[in-house]
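Residues per chain, in single letters:
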Amino acid sequence: MRLDDGGLLAALHEGMFEQPLWHGFLEKLRTRSGAGYASLAFRPVDEERLVELYAGPPTPLHLDRLFNEKYVRDPLPYRRMREARVYTLDELLDPGDAVQQGYRAEFLEPLGITNMRSVRVTEPSGMDAWLSCAGGREVGSGVGAMLTALVPNLRIALRSFVAFEREKFRSSVNSEAFGRLNFGWLTLDAQCRIVDMTPHLEQLFQRSKLLRRGRYDRLTPASPAVDRELTALVKSFAADGEGRPRAINLSRDPLMDMLVRPFHDRSLSTQSVPVAIAYISGDRWSQADRCDQLVDLFGLSPSEARLAWAIAQGMSISEAAAELGLTVETARNYSKKIYAKTGARGQAELVRNILTSVLALA
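Residues numbered from 1 in each chain as written. Predicted model: local features only at pLDDT ≥ 70, side-chain atom pairs only at ≥ 80, totals over all residues. Heavy atoms only, no water.

**What to know about the sheet that holds strand β5 (residues 128-135)**
Just so we agree on the cut-off: The pairing criterion for strands is at least two bridges between them, as found by DSSP. Each helix corresponds to a stretch of at least 4 residues labelled H or I by DSSP, and each strand to a stretch of at least 2 residues labelled E; elements are numbered beginning at the N terminus. To get an axis, fit a line to the C-alpha atoms, keeping to the stretch in contact for a helix; angles then go from 0 to 180 degrees between the N-to-C directions. Whether two residues are in contact is decided by their heavy atoms: any pair within 4.5 Å suffices.
Within the open sheet, the five strands sit side by side as β2-β1-β5-β4-β3. Their pairing is antiparallel. Of all the strands in the sheet, the pair left with one neighbour each is β2 (51-55) and β3 (86-88). Sheet twist, expressed as the mean angle between neighbouring strand axes with direction ignored, is 20°. Note: strand β4 (residues 115-122) against β5, eight bridges, orientation antiparallel. Residue pairing for β5: S118 is matched across the bridge by S132. Taken strand by strand, helix α2 (residues 23-33) contacts β1 (37-43), β2 and β5, and its axis lies near 140° from that of β1.

Quick look at the structure:
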């Protein structure tokens, strides 16, 4: 039996990218087997929920209502099936089990299901899956042989699905962390076009206006001088593949910086070849916003908050005084009040208290 006739195997391996999952594969399996219904159910690792997918006619409303009111879930003993062995409906139904026999007479037979072939497949990480074809006389030993031949391919497809879902979860967690830190990265080709980037950077573009996605996906800084500097830098990386990473300040208030370096990793999944990677970091709030937050958080006066924020940026007392138009003596008096209100015993602890407070998550 050639399983790849009609694209059955291709549909199985592509099904993890479909919505609904494996819809095309189940439709092809139903057509190929001649069954009225084809279904794939799987239980994700360490979860009780069961994901059920099927192809076939919709269940009549009265039977759907009967199932939900009387059975809630399929009472057949799928968890007791041996892995990779194909079972018939008669093998799964216990003649002495009134619930199972009622399920057959009241639900399966009115659907036209008098025969079934079902196989259990276990993915190496622990995911259980059940592939079934159900219907009438057409669901015989030939369908069982087809399911047996599909077992190794289904196991591979499930392994790929588990790995794909795990990477999606990790990517989501990383993206959320980057977003909270207001940090991200993007890769650029030789024309400064964006090849790939962390998802939240699109929001950063809209919020800050310091960078934007320009025509043909080109990364375009708002400053013409920065645009020229970035363009020349990326061209130099494209020319020899080497070069010293360069830090570019995009804004002082709110603070936003970009570090650009050559990109040497090559991915087969992208059409354009990236030559540079840019790490973007910044503060989504202005200095005035941060001072207001310090007032709320520590009970500082506006003048004290401005001095505290200046110190947190690495300025000495004298530098901060000059920046804010204060005398050194006034700044020192303010600093004593700041230390008392924030619980800091010195400048280093003050900086730590401010930068590790909830302001870091704001």
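**A short note on the packing of helix α3 (residues 61-71) against helix α5 (residues 98-108)**
Condition: Convention used here: angles under 35 degrees read as roughly parallel, angles over 145 as roughly antiparallel, angles from 65 to 115 as roughly perpendicular, and any remaining angle as oblique. Crossings are sorted by hand: turned counterclockwise from the far helix by less than a right angle, the near helix makes the crossing left-handed, and turned clockwise it makes it right-handed.
The contact between α3 and α5 brings their axes to 11 Å, and the two run at 165°. Between α3 and α5, the crossing angle belongs to the class labelled roughly antiparallel. For the crossing formed where α3 meets α5, the hand is right-handed. Counting all contacts with α3, which are made through L63, L66, F67, K70 and Y71, the residues of α5 involved are V99, G102, Y103, E106 and F107.

**Quick word on α3**
Selection criterion: Buried means the residue's accessible area, taken with a 1.4 Å probe over protein chains only, is under 20% of the maximum for its type, while exposed means over 50%, and partly exposed covers the values in between. Each direction from the helix axis to a C-beta atom contributes to the arc, which is the arc of those directions.
Turning to α3, its buried residues are L63, F67 and Y71. Buried residues of α3, viewed axially, fall in a sector of 45°; they line one side. Exposed and facing more than 90 degrees away from the buried side of α3 are L61, H62 and E69. Each element contacted by the buried residues of α3 is listed here: α5. In the segment just after α3, V72 is the residue with positive phi, at about 65°.

**So, the nonpolar core**
What counts, and what does not: Throughout this description, the term nonpolar core refers to a set of buried Ala, Val, Leu, Ile, Met, Phe, Trp, Tyr and Cys residues connected via side-chain atoms within 4.5 Å.
Ranked by size, the top nonpolar core spans 34 residues in total, and within it W22, F25, L29, F42, L131 and L150 carry the most contacts. If you list the elements that add at least two residues to this core, you get α1 (8-14), α2, β1, β2, β4, β5 and α6 (141-180). Ranked by residues supplied to this core, first place goes to α6 with 10 residues. Those residues in contact with F42, other than ones at most four positions away along the chain, are L21, W22, R49, L50, V51, L53, M127, D128, A129 and F161. Core analysis: the second largest hydrophobic core is formed by 24 residues, I194, V234, L250 and V275 among them.

**Thoughts on unusual backbone geometry**
Between Q19 and the following residue, P20, the backbone shows a cis peptide bond with an omega angle of -5°. Relative to the assigned elements, P20 resides in the loop between α1 and α2. In this model, A84 sits at a positive phi of 75°, which is unusual for a non-glycine residue. Relative to the helices and strands, A84 resides in the loop between α3 and β3.

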